[in-house]
Amino acid sequence: MKIKTITALFLILFFLFSCTNSSNMVTKSYIAMGTACSVSINQKKVDRAIFDKIEDRLIDIENKMSIHREDSEVSNINKNGFSHPVKVSADTYYVIKTGYYYSKLSNGVFDITVGPIVKLWNVTGENPKIPTEVEITSTLERVGYENILFDDETMSVSLKREGVVIDLGAIAKGYAADEVKNILMEYGIKSAIINLGGNVFVMGEKEDGVKWRVGIQNPLKDDNEYIVTIEASDETIVTSGGYERFFKSKGKVYHHIFDTKSGYPKENDILSVTVVTKSSIKADALSTTLFLFGSSDGLNFLKQFDGVDAIFITKDKSIIITDNIENRVTIEDF
């Protein structure tokens, strides 16, 4: 895989947003999946039932897969999966199996059983803390994708070990974005922008036949300031980085993406990774995986996937772009 490395003075990027001045855009905003979401349809008249169906679908996915809901299917697995198999919906079964696939493929670098470590640190909660080494060591004993068992015939999930916590936070939004796209396609929508808290999917092109431009923002600047853009059509663009959700202690930043070997937030040469491909669930899983691998190992891991490209932002202030999208990426002057 060929890559191009661009060095800039100061490049720290994360959130994704779509740039358009289209006068035909009809937009609906939601709060779902634990984040702000929006769907923008590029036509003058839109059946409002589309937005209602999308909202219902997002709520449905969240209700099934959120570990923050005690009555969700995933929470039910986490509470009862050690004692008996837990039957779940096709949605949840598919997402867990997909998460398991990427966990196994990455040899546990990406791991959907990271839940115990996430809960221990509580980075996004009201009282985050730095755990003791004893706490981390004992908690890591309950982390490992190998502890998940599947029964395809009954669509049931069980756990080999008590205390294992499946957490789909690194993959469920991608699945939701794909489902929103499917709803839009059912209604014949050909041009739209889906933004689920930074998981962006662009459908078709603008009315002038020009591809959408999706910006990758500098998180240390204003929310509307970006320094990288990519032209895209019928693609998803998903970024993972360690600086949207974090806390500070004694001047050190502790972010929310964890190394399941050490039990600490991952530290390597990466500030962010953006994945560009056709499937948002794939992009969601891979953006986190590549962030955890770092740039060199991440690029090697990426070689096995066709139709998947990436933009790495490194701590030495370089941008690494895989060759298939190089001619569609613009580095903005700031």
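Note that this is a predicted model, so its numbers are computed, not measured.

(A) Examining helix 5 (residues 133-140) more closely. Taken as a whole, helix 5 has its buried residues at Ile136, Thr139 and Leu140. Viewed end-on, helix 5 has its buried residues packed into an arc of 95 degrees, placing them on one side of the element. Turning to helix 5, the residues buried within the fold contact helix 4 (115-121).

(B) Representation of the packing of helix 3 (residues 90-105) against helix 7 (residues 280-293) within the structure. Put simply, helix 3 and helix 7 touch, their axes get as near as 11 Å, and they point 40 degrees apart. Taken together, helix 3 and helix 7 sit at an angle that is classed as oblique. The handedness of the crossing between helix 3 and helix 7 is right-handed. The residues of helix 7 that touch helix 3, namely those facing Tyr94, Val95, Thr98 and Tyr102, are Ile281, Lys282, Ala285 and Leu286. Of the residues belonging to the contact of helix 3 with helix 7, the class tally is six nonpolar, one polar and one charged.

(C) Main features of the pattern of salt bridges. Within the structure shown, the criterion is met by 13 salt bridges. Lys53 serves as the salt-bridge partner of Glu186, at 3.1 Å between the closest nitrogen and oxygen. Remark: Lys53 occurs in helix 1 (residues 49-65) and Glu186 occurs in helix 6 (residues 172-186); sequence separation between them is 133 residues. The class for Lys53 is partly exposed, based on a relative accessible area of 36%. Notably, a salt bridge pairs Arg57 with Asp60, separated by 2.8 Å at the nearest N-O pair. On the criterion of helical spacing, the pair formed by Arg57 and Asp60 is a turn pair, its members being three residues apart in helix 1. In this structure Arg57 comes out as buried when scored by relative accessible area, which is 16%. Members of the salt-bridge network, linked through shared partners, are Arg57, Asp60, Lys64, Asp91 and Glu179.

(D) Region of interest: the pairing of strand 9 (residues 199-203). Counting buried positions along strand 9 gives five out of five residues, so the element sits mostly inside the fold. Of the two faces of strand 9, the one holding Asn199, Phe201 and Met203 and the one holding Val200 and Val202 are both buried throughout. Note: strand 8 (residues 192-196) against strand 9, five bridges, orientation antiparallel. Bridge assignment links Ile194 to a residue of strand 9, and that residue is Phe201. With antiparallel pairing between neighbouring strands as the criterion, strand 8 and strand 9 make up a hairpin whose turn holds two residues, including Gly197 at a positive phi of roughly 60 degrees. Inspection of the sheet shows strand 9 paired to strand 12 (residues 235-241) by three bridges, in the antiparallel sense.

Conventions and cut-offs
- Residues numbered from 1 in each chain as written.
- Predicted model: local features only at pLDDT ≥ 70, side-chain atom pairs only at ≥ 80, totals over all residues.
- Heavy atoms only, no water.
- Buried < 20%, exposed > 50% of the residue type's maximum accessible area, 1.4 Å probe, protein only.
- Helix = DSSP H or I, 4+ residues; strand = E, 2+ residues; numbered from the N terminus.
- Arc of directions from axis to C-beta.
- Contact = heavy atoms within 4.5 Å.
- Axes fitted to C-alpha atoms, helices over the stretch in contact; angles between N-to-C directions.
- Parallel < 35°, antiparallel > 145°, perpendicular 65-115°, else oblique.
- Left-handed = near helix turned anticlockwise from the far one by under 90°.
- Nonpolar A, V, L, I, M, F, W, Y, C, P; charged D, E, K, R; others polar.
- Salt bridge = Lys/Arg side-chain N within 4 Å of Asp/Glu carboxyl O.
- Pairing = 2+ DSSP bridges.

Everything listed here is a matter of geometry and, on its own, says nothing about what the molecule does.
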